[in-house]
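Here's the letter readout for the chains.
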Amino acid sequence: MMFLDEELGCSMQYTFSSELTPVDETGEKRTKDRYDIIGQSKDRPVIIVEVDTHRSDQVSKKVVSRIAMNADKEVLYVSVLYPNTHENSTQEIKECEKYIDFLNVLFSLFSKPQKSYMFHWLFS
């Protein structure tokens, strides 16, 4: 992911980091969670990109934690989803689609600071 965060930083007015563990105002780690990619810029929304398999529990859990860690900021959250090799992969895709719909409803309820959600399937 190193190449992607460097490329994004060159094309936008953001500083992108990969595998970043969030810290609080004192510099202490707040959690063991790590952002796959986070883009930060003065006076612009935080961009969070998480790359995951299409498991609804994994996608939902990451969205909840990342938004909670950035509750006081504007956020653009992007889920990039790739296929897994489970036997019930087709059913997992349907379940993930259902939770993506739920996430879009929840994100529409946020007021300031605004939160936005996007996703992209790396397969069809």
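Above this note sits the structure.
Attention here is on the structure that accompanies the text. (Residues numbered from 1 in each chain as written. Predicted model: local features only at pLDDT ≥ 70, side-chain atom pairs only at ≥ 80, totals over all residues. Heavy atoms only, no water.)

**Quick word on the pattern of salt bridges**
Then comes step 1: The full count for this structure, using the stated rule, is nine salt bridges.
Then comes step 2: Residue K98 pairs with E95 through a salt bridge whose shortest N-O separation is 3.6 Å. Highlighted residues: K98 and E95, both in helix α3 (residues 89-108), separated by three residues, approximately one helical turn.
Then comes step 3: Because the salt bridges share partners, they merge into one network encompassing D33, D36, E50, D52, K62 and R66. (Salt bridge = Lys/Arg side-chain N within 4 Å of Asp/Glu carboxyl O. Helix = DSSP H or I, 4+ residues; strand = E, 2+ residues; numbered from the N terminus.)

**Considerations on the side chain of S79**
Then comes step 1: With respect to the helices and strands, S79 occurs in strand β4 (residues 75-82).
Then comes step 2: According to the relative accessible area criterion, S79 is buried, its value standing at 1%.
Then comes step 3: Looking at S79, its side chain comes within polar contact range of the side chain of Y117, at 3.0 Å.
Then comes step 4: In this structure, S79 is in contact with E50, V59, V63, Y117, M118, F119 and H120, ignoring residues within four places of it in sequence. (Buried < 20%, exposed > 50% of the residue type's maximum accessible area, 1.4 Å probe, protein only. Polar contact = N/O pair within 3.5 Å; in protein donor to acceptor, adjacent residues only side chain to side chain. Contact = heavy atoms within 4.5 Å.)

**Concerning the environment of G39**
Then comes step 1: Along the polypeptide, G39 turns up in strand β2 (residues 35-40).
Then comes step 2: Sequence separation between G39 and S17 is 22 residues, and the spatial gap between their C-alpha atoms is 6.5 Å.
Then comes step 3: Residues within four places of G39 in sequence aside, it is in contact with Y14, T15, F16, P45, V46 and I47.

**Quick word on the pairing of β4**
Then comes step 1: With six of eight residues buried, β4 lies mostly within the body of the structure.
Then comes step 2: Bridge count between strand β3 (residues 46-53) and β4: eight bridges; the pairing is parallel. Residue pairing across strands places E50 opposite S79, the latter belonging to β4.
Then comes step 3: Regarding the hand of the β-α-β motif, the stretch spanning β3, helix α2 (residues 56-69) and β4 is right-handed.
Then comes step 4: In this structure, β4 lies alongside strand β5 (residues 115-121), joined through seven bridges in parallel fashion. Note that in β5 the partner of V78 across the bridge is M118. (Pairing = 2+ DSSP bridges. Right-handed = clockwise from strand over helix to strand, strands pointing away.)

**As for the packing of aromatic side chains**
Then comes step 1: Evaluation of the coordinates by the stated rule reveals six aromatic pairs.
Then comes step 2: Centroid distance F107 to Y117: 5.3 Å. Interplanar angle 40°. Geometry classified as tilted. Residue F107 is found in helix α3, and its partner Y117 is found in strand β5; the two are separated by 10 residues along the sequence. Pair check on accessibility: F107 and Y117 agree, each one buried.
Then comes step 3: Considering the side-chain rings of F119 and W121, the 6.1 Å spacing of their centres and the 80° angle between planes classify their relative orientation as edge-to-face.
Then comes step 4: By relative accessible area, F119 is classed as partly exposed at 35%.
Then comes step 5: Counting every residue linked through ring pairs, the aromatic cluster contains Y77, F107, F110 and Y117.
Then comes step 6: Above the plane of the ring of F110 lies K115, whose end atom (NZ or CZ) is 5.9 Å from the centre. (Phe/Tyr/Trp six-rings, centres within 6.5 Å; stacked < 30°, edge-to-face > 60°. Lys NZ or Arg CZ within 6 Å of the ring centre and 35° of its normal.)

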